[in-house]
Structure formats: structure tokens, C-alpha cells
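One-letter residues, chain by chain:
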Amino acid sequence: MYKYILFDLDGTLTNPEIGITNCVMYALEKFGIKVEDRKELHPFIGPPLSYSFQTYYGLSEEDSELAIKYYRERFSVKGLYENEVYNGVEKVLQQLKESGKTLIIATSKPEEFTLKILEHFDLLKYFDFVAGATMDGSRGEKADVIRYALEISGIEDKSEAIMIGDRKYDVLGAKENGLESIGVLFGFGDHKELAEAGEKTADGKPIIDITSDNSLYGDFCSQDSSFYRLVPVYNT
């Protein structure tokens, strides 16, 4: 079984919807773009901001960097606290630590903000290592963050590590680094997105919802926790 558990942050441990969407709205308004429905901004939760501003609103590379500056202007003082821990998460983290697992954060959110959020919610004490993006974007893609997490935690046997996240970027980033992954269904991805990113399970069968078969991950997922709703996704 796995010794090292890598966790995404947004959409996996905490629900950052209000904070992220408010800050994206704030940034877009600087360019004369008004968004009425915050659900339109859900795709921003997960990938690097530069990618999202360019892909979803057609900003140039230069303007996307300016948009990130505006975003962080609000996020650094208010947005990061417009957030909440998913029900049951702390209990799962506590159980994992008590069972001797090494817990690691691997997020595309800047490390500076990640540490503040974990400290604010008193979750930092559960993690042995925290790997986040750099503010200058030199380490922003999920695969790069996971690679960095493996390096700083000294993981050599990748069969002992697994990545848990809610978006395809977590699954694809894990795959690029030779890790298996678990996709959570309560975040901002869905079964279809995670299934397509994972392609298929190790035995070629459809992805299993742990609510119907908890034999593999039941050792660190409790039924009264949000983390009981998991979709195992394997590398091919």
C-alpha cells in the first residue's frame, strides 16, 4: 500500500470557489469584462491562471500577466480566506498521519498562498512537505509541481506514492511523473473528465466508484467523510 500521499489543495481539501471566482471577476473587470454567473469561472479552479485567462477570455500573454497581478492584488488580502475546508477532510488527514503515512501538498497555487491557507485552517500540521507553484510562473504546470514534490520529499520508489486531486491536471500530472492517482468527485472536475484523463484502469475495466467497492482505498477513507467518494484512476 502507499506510503506517500500527495494532495491537491483547491477542490480536494478546500472549496475555494468564492475566493477564486471573486478575484477572477475583479481582474476581468479591469479589462471591461463583467461576469454575471460565477459558475462560468469554475474552469479557473485547477490550472495555472495564465492558461485560464488566455484560454477562456482570449487575453494576450502580456495582458494575462497583468490580469494575474490584479487577481493577486485581491486574493492576497481577501480571496484566500474566502474558502472552506470540505467536510470530513481533517478527520481523514488525521487518520492518515496516525497510520504513518507521509502527506504532501502538490498544488498549482503559489506556495506562498498555499502555506497561508493551510495555516489559516490549521491543516499545515498534517503535512510533511508543501509543494506549490512559484510566483513568477517558472513552476506552474501540475506535472512540474508534482516532480518538485517528489524531489523535496526524497521519493525514489514511485510505486509507494499516489496523487489525489479533483481535476484532469492532477491525473495527467501524476501520469507524466509515473504515479497512480485518485480523482475526487466532490471538487470541480467530474467523472467524465477524470475518466478521460486516466484512460482506463490497470485491468482495462471501467473506473470504479469507491462507494460501491472500497476494497482498495478503504484503509484511508472513512464512510462519514467526503473523501469516501473517490474514483480510483490508474496509469496504463
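Residues numbered from 1 in each chain as written. Predicted model: local features only at pLDDT ≥ 70, side-chain atom pairs only at ≥ 80, totals over all residues. Heavy atoms only, no water.

Colleague: Explain the overall build of the protein chain residue by residue, including any values.
Modeller: In terms of regular secondary structure, the protein chain is built from eight helices and eight strands. Within the span of the protein chain, comprising 236 residues, buried residues form 54% of the whole. In the protein chain, 68% of the contacts between residues at least 6 apart in sequence involve partners at least 24 apart. In the form shown here, the protein chain has an accessible surface area of approximately 10,600 Å², with 45% of it arising from carbon and sulfur atoms. (Helix = DSSP H or I, 4+ residues; strand = E, 2+ residues; numbered from the N terminus. Buried < 20%, exposed > 50% of the residue type's maximum accessible area, 1.4 Å probe, protein only. Contact = heavy atoms within 4.5 Å. Areas by Shrake-Rupley, 256 points an atom, 1.4 Å probe, with all protein chains shown as cover.)

Colleague: Give a description of helix H5 (residues 111–120) that names residues and reports values.
Modeller: For H5, the complete set of buried residues consists of Phe113, Thr114, Ile117 and Leu118. Seen along its axis, H5 keeps its buried residues to an arc of 130°; they face one direction. Against helix H3 (61–75), strand E4 (102–110) and strand E5 (129–133) lie the buried residues of H5. Directly beyond the C-terminal end of H5, a positive phi value near 55° is found at Asp122. (Arc of directions from axis to C-beta.)

Colleague: Which residues make up the nonpolar core, and what are the values?
Modeller: Core analysis: the biggest nonpolar cluster contains 44 residues, and Phe7, Phe53, Leu93 and Phe127 have the highest contact counts within it. Of all the elements, helix H1 (residues 17–29) adds the most residues to this core, at six residues. Apart from residues lying up to four places away in sequence, Phe127 is in contact with Phe7, Leu13, Leu93, Leu103, Ile104, Ile105 and Leu118. Ranked by size, the runner-up nonpolar core spans 14 residues in total, among them Leu6, Ala106, Ala161 and Ala174. (Core = buried A, V, L, I, M, F, W, Y, C linked by side-chain atoms within 4.5 Å.)

Colleague: Can you tell me about the side chain of Asp8, naming the residues and giving the values?
Modeller: Structurally, Asp8 can be placed in the loop between strand E1 (4–7) and strand E2 (14–15). One polar contact links Asp8 to Thr12, side chain to side chain, over a distance of 3.1 Å. Within the structure, Asp8 has its side chain in polar contact with the side chain of Lys142 (distance 3.1 Å). Apart from the residues within four sequence positions on either side, Asp8 is in contact with Leu13, Ala106, Thr107, Lys142, Met163, Ile164, Gly165, Asp166 and Asp170. (Polar contact = N/O pair within 3.5 Å; in protein donor to acceptor, adjacent residues only side chain to side chain.)

Colleague: Report on the pattern of salt bridges, specifying residues and quantitative values.
Modeller: Summed over all chains, the structure comprises 14 salt bridges. Salt-bridge contacts for Lys3 lead to Glu160; the nearest nitrogen and oxygen are separated by 3.9 Å. Of the two residues, Lys3 is situated in the segment before E1 and Glu160 in the loop between helix H6 (142–152) and strand E6 (161–165); the sequence distance between them amounts to 157 residues. Note that Arg74 and Glu82 form a salt bridge whose closest N and O atoms lie 2.9 Å from each other. Across the pair, Glu82 and Arg74 agree in class, each one buried. (Salt bridge = Lys/Arg side-chain N within 4 Å of Asp/Glu carboxyl O.)

Colleague: Give a detailed account of the environment of Leu123, specifying residues and quantitative values.
Modeller: For Leu123, the location among the structural elements is in the loop between H5 and E5. Owing to a relative accessible area of 1%, Leu123 belongs among the buried residues under this scheme. Residues Leu123 and Val89, spaced 34 residues apart in sequence, show a C-alpha to C-alpha distance of 9.5 Å.

Colleague: Quick rundown of the packing of H6 against helix H7 (residues 168–176)? Include the residues and the values.
Modeller: Look at H6 against H7: their axes get within 8 Å of each other, and the N-to-C directions meet at 55°. With respect to H7, the axis of H6 lies oblique. You can see that H6 and H7 cross each other, and the crossing is right-handed. Counting all contacts with H6, which are made through Lys142, Ala143, Ile146 and Arg147, the residues of H7 involved are Tyr169, Asp170, Gly173, Ala174 and Glu176. Partitioning the contact of H6 with H7 into residue classes produces four nonpolar, one polar and four charged. (Axes fitted to C-alpha atoms, helices over the stretch in contact; angles between N-to-C directions. Parallel < 35°, antiparallel > 145°, perpendicular 65-115°, else oblique. Left-handed = near helix turned anticlockwise from the far one by under 90°. Nonpolar A, V, L, I, M, F, W, Y, C, P; charged D, E, K, R; others polar.)

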